[in-house]
Structure formats: structure tokens, C-alpha cells
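Residue-level structural notes
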Amino acid sequence: MKISIKRGTKEIGGSAVEIISDNGQRIVVDLGLPLDAAVNSPDLLPDITGLTQKTGDLLGLLISHAHQDHYGLGIHIDKSIPVYMSKESYNIMKIAHEHKLPNAFVFEKTVCFDNKNTFQIGDFNITPYLFDHSAYGAYGFLIEADGQRVFYSGDFRAHGRKRKLFYKFLQNHPQNIDVLLMEGSCLGRESSEHYEYEQDLEVTFCNFWKESSGLVLVQASAQNIDRIVTIYRAAKKCRRRLVLSGYAGHILWGTKNPNLPNFTWSDVKKFSTKPQKSHEIGIDDILENPQKFVILLDYHIRQELKKHNAVNETTAYAYSMWSGYKEKYQKWLNFLATKNAKVQDIHTSGHADIPALKKIVASLKPKIVVPIHTFCPQEFKQMFNNTICLNDGDIFELSSK
Ligand SMILES: [Zn+2]
Ligand SMILES: [Zn+2]
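Keep in mind that what you see is a predicted model, and the values were worked out from it rather than measured. For every chain, the first residue of the written sequence is number 1, and numbering continues from 1 along that sequence. Chain A is the first chain written and ligand 1 is the first ligand written, with later ones labelled in order. In view of the model being predicted, local features appear only for residues whose pLDDT reaches at least 70, and side-chain atom pairs are presented and counted only at 80 or more, with totals across whole chains, interfaces and linings using the full set of residues.

**A word on the pairing of strand β10 (residues 148-152)**
To keep things clear, this is the line we draw: Burial in this document is a count-based property: other C-beta atoms within 10 Å of a residue's C-beta are tallied, and the residue is buried at 20 or more, exposed at 12 or fewer, or partly exposed in between, with C-beta positions derived from the backbone. Helical segments are the DSSP runs of H or I of at least four residues, strand segments are the runs of E of at least two, and each set is numbered from the N terminus. By definition, two strands form a pair when at least two bridges between them are found by DSSP.
The element β10 is extensively covered by neighbouring structure, given that 5 of its 5 residues are classed as buried. Bridging between strand β9 (residues 138-145) and β10 involves 5 bridges; their strand directions are antiparallel. Paired with F141 across the strands is Y152, a residue of β10. If you look at the hairpin formed by β9 and β10, you'll find 2 residues sitting between the two strands, and D146 has a positive phi there, around 55 degrees. Pairing of β10 with strand β11 (residues 179-183) involves 3 bridges; the strand directions are parallel. Bridge pairing in β11 places F151 opposite L180.

Right, dumping it as C-alpha cells:
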């Protein structure tokens, strides 16, 4: 078996890995849009034969989770290429597409897999492992061919609401791993030791909101379901109702998980410009009792708030996303400053911290660790003496057994 990381050896995002069996059959694992891409252009496709015009030896594309930096360039591929992904990822992509989100699309030929159910693609046996990550339904893959075993971590963490998955994996993981391709997003960041638990953010939100007698607003991704649950639980503690966009509500509903906040709950409302149904609420009702609500913002809701002059010095705004996206919201942040609104960053990473990386390597005991999805691959060497750092496009051949 041969592995070639086409993009991701020295960057976060845009991940793409080609895996080639001894017979020459090939699969691609993730086909992400680079984070720094100005537009999603086919020119960004990595150099992989058969992507835009399928060849017989290219058997399929495997998507770890529904984040653009793992599937975004898939929009350009030949529609006859089978794409394997979780049902959760499929639903998120479908709903984002239905709501016409920028860059949203669906694959033509999708095959959905289930957690820990091994399936075959030609020479390859694939076993998906559900992990804790800021995307719902994020998987790592055990990929077996030619008597060799590669584990691709995808994006994962050990401090989210589903962190039990991580510890279950440590107790019951695949054995005899030859190569572990592991994400290292945390490396090079200011603090990469012991990230704050997702559930602990509830208290941080509450403490921030307690200072406000007015409206509280949160900027978070509607697809970060862990975070929506955190915000909902914090709102409940502060006796506020959660107001969501129709899209955010649809994403939650699309999980088919009745334990997640949804519009059938009396304390979850759908923002509407023309509220009619009992689960809908409009700006006038919100502004009558602003202290009773927490609004998860989207572009449209921000415009409505501006239009109705709803932001003032009693407003509390939490920026609850990766700081790297902040510049997109600069205009809005400037607007908040002119209104003297209180602003606070409340966030914990969607990615593993250093202790989690060390735990997974200590348990799996792979023969070789290859960094991916990181700006600082060399830092792996300081932690794991069996690290091999590759360059994008290098072909790494596993010694045959
Ligand atoms: Zn990623
Ligand atoms: Zn991700």
C-alpha cells in the first residue's frame, strides 16, 4: 500500500490523501477546500488522476466529516465517483444545500456508512470510527489493504460533549496499526495543553449574560451542534429562551436526535419576520422582553436587529467560533462597538489538545505517526520518536509483509 498526502502535511484544511493498493486501485480520503482559498475553484484540486474524469482505478472518495476543509473541493469531481460518508454528514450537506448556503452542494453518488461497520471498496476494507469533534458525525477510518493497516484520525477532540467516544476508542481500538495519519491542529497555537471542556462553557456564557439586562446574542456555527447544546443549556440556566434561524433549527432536526434542541420545545423559537405559528417569534416580541431571549445570529437576523435598532449598551454579544474567522465579522463588531454593546469571546477548540494526541498514540502504538492537518508537523517529532513528516505529494510506501 502507498499513501500520498496531496494537501495537509503543512497546513490546516484542504486535506486530501490518496491511498493506492499494490494492485494499483486507489481511494481518496477527504477532498477539502483550503482555508485560505478566496474562491472554490477547480484549479485548487490536488493532482490526483481521475478526479474530474473518472478512471477505472479510482474507486471512490471517503469523506471524514461535513466541514468544508474536508469535502469542499468535491464539488468539482466527476459525478460518477462514489462518495462514502456518514448519514450525519450527508444530512448536514443536504440541509446546507437546501438553504442555499455559500459553497453548499451535495454529491450525486453517495454511499452512507455506519459506525464500526466495515465495508469494502475494491482492495480496501474500511472501518469508520465515530469521534468527538465540532462537526456532528465526524469519523476516523481504519483502512486495510495488502495486509497493512492505516488509521486516519480525521478531526477529533477529547473535550467535547461526546468525549466518551474518545475514551471508548482508547479502550477498544484497532490493533497493529502500521501508520497513523493524525491531525495536529493545536500545534503552534498559543496554548495547546488541556483545552477547556465544551460543557464548562455553559457557566462562562451564564456569567457573561448575567451582567446583561438586555438582549444576548451569540455568533456560533449552526453546524456546531455541541455548541448549540451548550448555548441552549446556558440559556435555560439563565431563564432565557433560545431563538434560532430556520436553518439552524433544520440542522438540529436533520440529526433525527430528539434529545437535541428543536422547535417542538417550548423554550426554542424560530426567528421569523412574519411569525404565525406558535414556535415562531418576530423582532417585536423579542424587543418587548429582550431579557428573556438568547439569539443565535446569522446574517439575516443581524440585518433585522440593525433595522430595528435593537442593539444598545444592554446588549451582550458572545463570539463563539474560532478566532481565525473573526475578520469576516469585523463590520458587525465595529457596529457593536458604536452601540457600546458588551462583547466577549467564549469558545473552546474543535480539535484535540496535546494530551489527547499523546493518549491516542500511547494507546494505538502505531509503528509510524504521520502528521496531517497541522501548521507545525515538526512538533510531532518532539512528542513521538516514530514520526515521519511528509511533504505534500510525497509517496510513502508501506513495507510489504
Ligand atoms: Zn479540518
Ligand atoms: Zn473539522
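From this point, the narrative continues.
**Regarding the environment of K358**
Structurally, K358 can be placed in helix α10 (residues 354-364). Residues K358 and L31, spaced 327 residues apart in sequence, show a C-alpha to C-alpha distance of 26 Å.

**Quick look at the domain arrangement of the protein**
To keep things clear, this is the line we draw: A domain assignment, automatic or from a database, supplies the domain bounds used here. Think of it this way: build a C-beta for each residue from its backbone, and any pair within 7 Å is a contact. Each residue is assigned to one of three groups, with Ala, Val, Leu, Ile, Met, Phe, Trp, Tyr, Cys and Pro labelled nonpolar, Asp, Glu, Lys and Arg labelled charged, and all others, Gly among them, labelled polar.
Its domain assignment divides the protein into domain 1 (2-191 + 350-397) and domain 2 (198-345). Distance from the C-alpha centre of domain 1 to the C-alpha centre of domain 2: 32 Å. Each partner contributes to the interface: domain 1 provides 11 residues, whereas domain 2 provides 12 residues. Of the residues belonging to the side of domain 1 that touches domain 2, the class tally is 4 nonpolar, 5 polar and 2 charged.

**A word on the packing of helix α4 (residues 201-210) against helix α5 (residues 225-237)**
Helix packing for two helices is described by the angle between their axes and how far apart those axes are. Stated formally: Each axis is a line fitted through C-alpha atoms, and for a helix only the stretch in contact is used; angles between axes span 0 to 180 degrees, taken between their N-to-C directions. By definition in this entry, angles of less than 35 degrees are roughly parallel, angles greater than 145 are roughly antiparallel, angles of 65 to 115 are roughly perpendicular, and the rest are oblique. Left-handed is the label given to a crossing in which the near helix is rotated counterclockwise from the far helix by less than a right angle, and right-handed is the label when the rotation is clockwise.
Orientation of α4 relative to α5, taken along the N-to-C sense of each, is 50 degrees, at an axis distance of 9 Å. As far as their axial angle goes, α5 and α4 are oblique. The crossing of α4 and α5 is right-handed. When α4 is examined against α5, the residues L201, E202, F205 and C206 are found in contact with a partner set consisting of T230, I231, R233, A234 and K237. Partitioned by chemical class, the residues of the contact of α4 with α5 number 5 nonpolar, 1 polar and 3 charged.

**Some remarks on the sheet that holds strand β20 (residues 396-397)**
Pairing in this open sheet of 7 strands is mixed, and the strands run β6-β5-β4-β3-β2-β1-β20 from one edge to the other. In this open sheet, the two strands that pair with only one neighbour each are β6 (110-113) and β20. As paired elements, strand β5 (residues 83-86) and β6 share 4 bridges and run parallel to each other. Looking at the pairing, M85 lines up with C112 of β6. Sheet strands touched by helix α2 (residues 87-98): β5 and β6. Its angle to β5, the strand with the most contacts, is close to 100 degrees.

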